[in-house]
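Observations on the three-dimensional arrangement
Next come the chains, spelled out residue by residue.
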Amino acid sequence: MTQNVVEKTPVTLLGLGAMGTALARTWLAAGHPLTVWNRTPARAAPLAAEGAKAADSAAEAVAANALVVVCLLDDSSVQDALAGTDLAGRDLVNLTTGTPAQARDRAAWARERGARYLDGGIMAVPPMIGVEEAGGYVFYSGSRELLEEHRETLAVPAGTVYVGQDAGFAALHDVALLSAMYGMFAGAAHAFALIRKEDIDPTSLAPLLADWLVAMAPAVHRTADQLRSGDYTQGVVSSLTMQVAGAPGFLSTAEQQGVSPELLSPYFALMRRRLAEGGGEEDLTGVIDLLVR
Ligand code: FVH
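These figures come from a predicted structure and were not determined experimentally.

1. Digging into the site of the ligand
Of all residues adjacent to the ligand, which total 21 residues, the nearest are Met-19, Asn-38, Thr-40, Arg-43 and Thr-97. In this structure, Arg-39 approaches the ligand through a side-chain N or O atom, which is 2.9 Å from an oxygen atom. Between the ligand and Arg-43 there is a distance of 2.7 Å, counted from an oxygen atom to a side-chain nitrogen or oxygen. Contributing elements (two or more residues each) for the shell around the ligand: α1 (18–29) and α4 (75–82). Per element, the largest residue contribution to the shell around the ligand is three residues, and it comes from α1.

Encoded structure:
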């Protein structure tokens, strides 16, 4: 009896920190031959015991396979790790967090060395890697051909979302989503600060807060529609005039509760500026134009 065994694409992975190790385990579990390298070699030992080949140098690891994934601390560690390697004919996938400008420079750098380049922004934390129901994914930008050729392999640890040929777009999407996340965390921090000195259990506020944030989140679709149409009064449910009128109440409550308004005040200041410019019939979309310099 003959069996058709589908060969899995071999992968080289540079970087075995928390994220690199999680990525490595999913490829091993899915049966991909895996060559790994890490600056501190001891971190490769557990993976070698699980079936990975531990290379003695980054150059040896890069030489082993056409598909080379790097997941290192930052762009300068990518430079350090790849400095002495031969990238000609390689498909370089860089999952290291960086700026759009760093991604574009790295794409040009890789092209000059004869490699195709795909940049990735990971929207997941290590425990979400390889767990489909956790919903983690990676933004990819750069060579579409590279992604299409290796999509099956790259989809093993997390979903793949392609956002364009411009190598900087994955990082830009990554930073955009994380910036919104920090805005949300800032709002939650202010909310918890308001109740901090009261006889209110933070664990009773938390589910109310989480549900409210989820209920409000779809408002970003209206913002996007308004930005696209250029009509910021389209579908407005809470006018800027009304919201600015309510702002002093938020600030005086903060003062009464002994809470610094430093997270909230800058946003209210922008809302007041937009109102002064005549945006009273809009909701909050006009603030975006004040931010763009
Ligand atoms: N972990 C997370 O929650 C986030 C989730 C979203 C995406 N990030 C980004 O993923 C990149 C790697 O993150 P990580 O969690 O694996 O980071 P560490 O555990 O700190 O490991 C860092 C690895 O980088 C190596 N390294 C550092 N500097 C150099 C260098 N100059 N030359 C070569 N390698 C270097 C380090 O090696 P070693 O310290 O073990 O020798 C680790 O392998 C990152 O961009 C996150 O923003 C993760």
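2. Some details on helix α11 (residues 265–276)
Along its 12 residues, α11 runs 16 Å from first to last C-alpha, staying within 8% of the 16 Å computed at 1.5 Å per residue. Listed in full, the buried residues belonging to α11 are Phe-268, Leu-270, Met-271 and Arg-274. Down the axis of α11, the buried set is contained in an arc of 155 degrees. They therefore lie on one face. Each element contacted by the buried residues of α11 is listed here: α10 (240–256) and α12 (286–291). Backbone geometry just downstream of α11 places Gly-278 in the positive-phi region, at approximately 105 degrees.

3. Remarks on the sheet that holds strand β2 (residues 34–37)
Strand order in this open sheet of eight strands is β3-β2-β1-β4-β5-β6-β7-β8, and the pairing throughout is mixed. Of all the strands in the sheet, just β3 (53–54) and β8 (159–162) have a single pairing partner and so form its edges. Direction of pairing for strand β7 (residues 137–142) relative to β8: parallel, over a ladder of four bridges. Residue pairing across strands places Tyr-137 opposite Gly-159, the latter belonging to β8.

4. A look at the domain arrangement of the chain
Per the domain assignment, the segments of the chain are domain 1 (11–172) and domain 2 (218–291). With centres defined by C-alpha atoms, the gap from domain 1 to domain 2 works out at 40 Å.

5. Brief notes about the side chain of Thr-153
If you trace the backbone, Thr-153 turns up in helix α6 (residues 144–154). With a relative accessible area of 4%, Thr-153 lands in the buried category. In contact with Thr-153, other than residues within four places in its own chain, are Thr-9, Val-11, Trp-27, His-32 and Leu-67.

6. Things to note about the pattern of salt bridges
As enumerated under the stated definition, the model contains 11 salt bridges in all. Ionic pairing is found between Glu-60 and Lys-53, a salt bridge with its closest N-O pair at 3.5 Å. For Glu-60, a relative accessible area of 30% puts it in the partly exposed group. For Lys-53, a relative accessible area of 48% translates into the label partly exposed. A salt bridge links Asp-91 to Arg-116; the shortest N-O distance between them is 2.8 Å. One end of the pair, Asp-91, is in strand β5 (residues 91–94); the other, Arg-116, is in strand β6 (residues 116–123), with 25 residues separating them in the sequence. The class for Asp-91 is buried, based on a relative accessible area of 6%. Judged by its relative accessible area of 27%, Arg-116 falls in the partly exposed class. Taken together, the shared-partner salt bridges connect Asp-91, Arg-116 and Glu-149 into one network.

7. Quick word on the packing of α10 against α11
Taken N-terminus to C-terminus, the directions of α10 and α11 make an angle of 145 degrees; their axes are 10 Å apart at the nearest point. Of the two possible hands of crossing, α10 and α11 adopt the one that is left-handed. Contact with α10, carried on its side by Leu-240, Thr-241, Gln-243, Val-244, Ala-247, Phe-250 and Leu-251, involves Ser-265, Phe-268, Met-271, Arg-272, Arg-274 and Leu-275 of α11 and no other residues of that element. Looking at the contact of α10 with α11, its residues break down into eight nonpolar, three polar and two charged.

8. Re a nonpolar patch on the surface
On the surface, Leu-178, Tyr-182, Met-184, Phe-185, Trp-212, Leu-213 and Met-216 cluster together into a nonpolar patch covering about 700 Å² of accessible area. Counting residues per element, the ones that place at least two in the nonpolar patch are α7 (169–195) and α8 (202–216). Here the nonpolar patch gets four residues from one element, more than from any other, and that element is α7. Examined against the element boundaries, Tyr-182 turns out to sit in helix α7.

9. Description of α4
Taken together, the buried positions of α4 are Asp-75, Ser-77, Val-78, Ala-81 and Leu-82. Buried positions in α4, seen along its axis, are confined to an arc of 155 degrees and lie on one side of it. Buried residues along α4 sit against β1 (11–14), β2, α3 (58–64), β4 (67–70), β5 and α5 (100–112).

10. Details of the packing of aromatic side chains
Following the criterion strictly, the structure yields three aromatic pairs and no others. Their ring planes at 85 degrees and their centres at 5.0 Å tell us that Tyr-137 and Phe-139 sit as a pair that is edge-to-face. Take Phe-139: its relative accessible area is 5%, and that puts it in the buried class. Judged by centre distance (6.3 Å) and plane angle (75 degrees), the ring pair of Tyr-182 and Phe-185 falls under edge-to-face. One end of the pair is Tyr-182 and the other is Phe-185, both in helix α7 and three residues apart, which spans about a single turn. For Tyr-182, a relative accessible area of 55% translates into the label exposed. Taking relative accessible area as the criterion, Phe-185 reaches 44% and is therefore assigned partly exposed. The residue whose ring lies beneath Arg-106 is Trp-109, and the NZ or CZ to ring-centre distance is 4.6 Å.

The rules behind each value
- Residues numbered from 1 in each chain as written.
- Predicted model: local features only at pLDDT ≥ 70, side-chain atom pairs only at ≥ 80, totals over all residues.
- Heavy atoms only, no water.
- Near = heavy atom within 4 Å.
- Polar contact = N/O pair within 3.5 Å; in protein donor to acceptor, adjacent residues only side chain to side chain.
- Helix = DSSP H or I, 4+ residues; strand = E, 2+ residues; numbered from the N terminus.
- Expected span 1.5 Å × (residues − 1).
- Buried < 20%, exposed > 50% of the residue type's maximum accessible area, 1.4 Å probe, protein only.
- Arc of directions from axis to C-beta.
- Contact = heavy atoms within 4.5 Å.
- Pairing = 2+ DSSP bridges.
- Domains from an automatic or database assignment.
- Salt bridge = Lys/Arg side-chain N within 4 Å of Asp/Glu carboxyl O.
- Axes fitted to C-alpha atoms, helices over the stretch in contact; angles between N-to-C directions.
- Left-handed = near helix turned anticlockwise from the far one by under 90°.
- Nonpolar A, V, L, I, M, F, W, Y, C, P; charged D, E, K, R; others polar.
- Patch = residues over 30% accessible without salt bridge, like charges linked within 9 Å, V, L, I, M, F, W, Y side chains within 5 Å.
- Areas by Shrake-Rupley, 256 points an atom, 1.4 Å probe, with all protein chains shown as cover.
- Phe/Tyr/Trp six-rings, centres within 6.5 Å; stacked < 30°, edge-to-face > 60°.
- Lys NZ or Arg CZ within 6 Å of the ring centre and 35° of its normal.

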